Amino acid sequence: MKKKKGKQEGAQGKKQARKQYKDTIFRMLFCDREHLLELYNAVSGRNCEDPELLEIVTLENAIYMGVKNDLAFLVDFHLYLYEHQSTVNLNMPFRFLQYVTEEYGRLTAGENIYGSRQVLLPAPHFVVFYNGKSPYPERRVMRLSDAFRLQDSEPQLELRALILNINKGYNTELKKHCRTLDEYMQYVDRVRGYAAAMPMEKAVDRAVDECIDEGILKNFLLANKAEVKRMSIYEYDEEAARQAIRIEEYARGRAEGIEEGIEKGIEKGIEVLILDNVENGIKKEVIIAKLIKRFGISELQAEKYFEKSKLRTFQDCL
C-alpha cells in the first residue's frame, strides 16, 4: 500500500520545484491571457477579442523531466509555442520538437494511436522573440533539418521556427500592435542602459520606478514589483554569464586554431625540407639528421615524416 504524502511533504515538494525553476519577466507578463491575446493578434495579424478563446497549455510540470517552455496555447485548432531568448540559440528547432512532442502526448492522452481511426492534432506554430545584445536579423526562419549531419534535398522530418528580433529599431509594426511587448522592451532597455553605469540592483530600482512614473507596464510593475526586481537581477546575471562563456569559448577556439595552424606550418616545413633534399640527391640519413636538428623532433618522428613524404610523392606521380 502506497503511503500518502502529507500536507507538509507536499508543500516541501512544491517549494523545491519552484526553487529549481527560474521564471522570466517575459513569461510572467504574457501568462496573462489579455496580454497573450494582444501578442497573438500582433504576430498572426488577427483581431481576436475574447481572451477566453485561448487555452493555455504551457509545459509547467515537465520541468521534472528537464523540459519546459515559455508559453503554449491553443486557439482555433492551432497550437502556438512561444519562446523568449536573450542569447542566440541555434538549437531552437530541436527544442521546439521536444516541446511539441510533449504537448501532443498530453493533448492526446487516452486516445488510441494504434487504432484505425485517425487521431487529429492541432497544427503547430513556433515563434521565438529575441532581444539579445548580439546582432541579429529582423526575421529569420530556423529549420530542424539545418542540424542534420547529412543534408537531404527533401528531409522527411522538418520543423520551422520563426525568430523575431524585438530589440529597438526591429519589428516596429509588431510592437506597434502589441503595446505590452513594446513596453516590455522599453523596460529591458532601461535596465541594460543603467546597468552599464551603476550596480545592477540600483539599475533595476531606477528602471522600475521610472517605468511606473511614466506609465510603462505600470499595473504589472505595481502588482509584481518585488518579483520583477528579483527576476531582472537574475536574468541580467544569467545573460552576463552566458556572454562570458561565449567569450571564453571563442578565445579557446581561437587559441586552438592558432596552435593547429602552427602545427600545420611545421609539418609543411618538414615536408618541403625532405622533398628539396631528396631532389638534390641527399641521403636519407643526412635528411633525418637535419630534421632532428632543425625541428627538434625525435629520430622516430623524423623517420615517419620521411616515409610519409615519400609516399605522397609516389601517389602524386601516379
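Counting starts from 1 at the beginning of each chain's written sequence and moves along it residue by residue. Per-residue local features are limited, in this predicted model, to residues with pLDDT of at least 70; the limit for side-chain atom pairs, both in listing and counting, is 80 or more; totals at the level of whole chains, interfaces and linings are taken over all residues. Hydrogens are left out, water is left out, and the side-chain values use all remaining heavy atoms of the structure.

Some details on helix H7 (residues 200-213)
Stated formally: In this text, helices come from DSSP runs of H or I with a minimum length of four residues, and strands from runs of E with a minimum of two, each type numbered from the N-terminal end. Every helix has an expected span of 1.5 Å times one less than the residues it contains. The classification of residues rests on relative accessible area computed with a 1.4 Å probe and restricted to protein chains. Under 20% of the type maximum is buried, over 50% is exposed, and intermediate values are partly exposed.
For H7, spanning 14 residues, the distance from its first C-alpha to its last is 20 Å, which sits close to the expected 20 Å at 1.5 Å a residue. By the burial criterion, the buried members of H7 are Met200, Ala203, Val204, Ala207, Val208, Glu210, Cys211 and Ile212. In the stretch just after H7, Gly215 is the one whose phi turns positive, near 80°.

A short note on the nonpolar core
Operational definition: Definition of nonpolar core: a set of buried residues of the types Ala, Val, Leu, Ile, Met, Phe, Trp, Tyr and Cys, connected through side-chain atoms within 4.5 Å. We call two residues in contact when some of their heavy atoms are within 4.5 Å.
In this structure, Tyr82, Phe129, Leu181, Tyr184 and Tyr187 are the most contacted members of the largest nonpolar core, which totals 45 residues. Broken down by element, the residue count for this core peaks at eight residues, all from helix H6 (residues 179-195). Ignoring sequence-local partners within four residues, the contact set of Tyr187 consists of Ile25, Val204, Ala207, Val208, Cys211, Leu217, Val228 and Ser232. If you look at the next biggest cluster of nonpolar residues, it comprises 20 residues, including Leu79, Val100, Leu144 and Ile163.

Describing the packing of aromatic side chains
What counts, and what does not: Pairs were defined over the aromatic rings of Phe, Tyr and Trp, the Trp ring being its six-membered one, requiring ring centres within 6.5 Å. Orientation was assigned from the angle between planes: stacked under 30 degrees, edge-to-face over 60, tilted for the rest. Criterion for a charge above a ring: Lys NZ or Arg CZ within 6 Å of the ring centre, and within 35 degrees of the ring normal.
Counting across every chain of the model gives eleven aromatic pairs. Arranged with centres 5.6 Å apart and planes meeting at 40°, the rings of Phe26 and Phe129 form a pair that is tilted. Pair noted here: Phe26 is in helix H2 (residues 25-30) and Phe129 is in strand E4 (residues 123-130), with a separation of 103 residues, a long-range link. Under the relative-accessibility criterion, Phe26 is labelled buried at 0%. Summarising the aromatic geometry, the rings of Phe73 and Tyr80 are spaced 5.2 Å apart at their centres and angled 15° between planes, so their arrangement reads as stacked. Overall, the relative accessible area of 0% leaves Phe73 in the buried class. Among the residues examined, Tyr80 registers a relative accessible area of 11% and is labelled buried. Ring pairs connect the aromatic residues Phe26, Phe30, Tyr40, Phe73, Tyr80, Tyr82, Phe129 and Tyr184, which therefore count as one cluster. One residue, Arg206, lies across the ring of Tyr194, its end atom 4.1 Å from the ring centre.

Re the pairing of strand E3 (residues 78-85)
Note the cut-off: Two strands qualify as a pair provided that DSSP identifies no fewer than 2 bridges between them.
Of all eight residues that make up E3, seven are buried, and the element is covered over most of its length. Here strand E2 (residues 71-75) pairs with E3 via five bridges, running antiparallel. In the sheet register, Val75 faces E3, and the bridge partner there is His78. Two strands pair when backbone bridges link them, and E3 and E4 are joined in this way by eight bridges, in the parallel orientation. Within the sheet, the bridge partner assigned to Glu83 lies in E4 and is Val128.

Some points on the sheet that holds strand E1 (residues 55-56)
For clarity, the cut-off: Only the contacting stretch of a helix is used when fitting its axis, a line to C-alpha atoms as for every element, and angles between N-to-C directions run 0 to 180 degrees.
An order of E1-E2-E3-E4-E6-E5 is seen for the six strands of this open sheet, with the pairing classed as mixed. Two strands lie at the open edges of the sheet, namely E1 and strand E5 (139-143), each paired on one side alone. The strands that helix H3 (residues 33-44) touches are E1, E2, E3 and E4; relative to E3, the one it contacts most, it runs at about 100°.

A look at the confidence of the model for the protein chain
Quick reminder of the rule: Per residue, pLDDT captures the predictor's confidence, and it can take any value from 0 to 100.
The pLDDT averaged across the protein chain works out to 83; a share of 78% of its residues lies at or above 70. Predicted confidence for residues 1-22 stays below pLDDT 50, and this span has six contacts to residues more than four positions away or in other chains.

With respect to the side chain of Asn165
To keep things clear, this is the line we draw: Whenever two N or O atoms come within 3.5 Å, that pair is a polar contact, provided that in protein one can donate a hydrogen and the other can accept it, and provided that, for residues adjacent in sequence, both atoms are side-chain atoms.
Within the secondary structure, Asn165 sits in strand E6 (residues 160-165). A polar contact of 3.0 Å, which involves the side chain of Asn165, links it to the backbone oxygen of Tyr136. Looking at Asn165, its side chain comes within polar contact range of the main-chain nitrogen of Asn167, at 3.0 Å. Apart from residues lying up to four places away in sequence, Asn165 is in contact with Tyr130, Tyr136, Pro137, Glu138, Tyr170 and Asn171.

Section: unusual backbone geometry
Both trends apply: most residues other than glycine have a negative phi, and most peptide bonds are in trans. The backbone of Asn171 sits at a positive phi, close to 45°, despite the residue not being glycine. The residue Asn171 is located in the loop between E6 and helix H5 (172-177) in this model. Of note in this structure, Leu217 is not a glycine but carries a positive phi near 50°. Assignment of secondary structure puts Leu217 in the loop between H7 and helix H8 (218-223). With a relative accessible area of 8%, Leu217 lands in the buried category.

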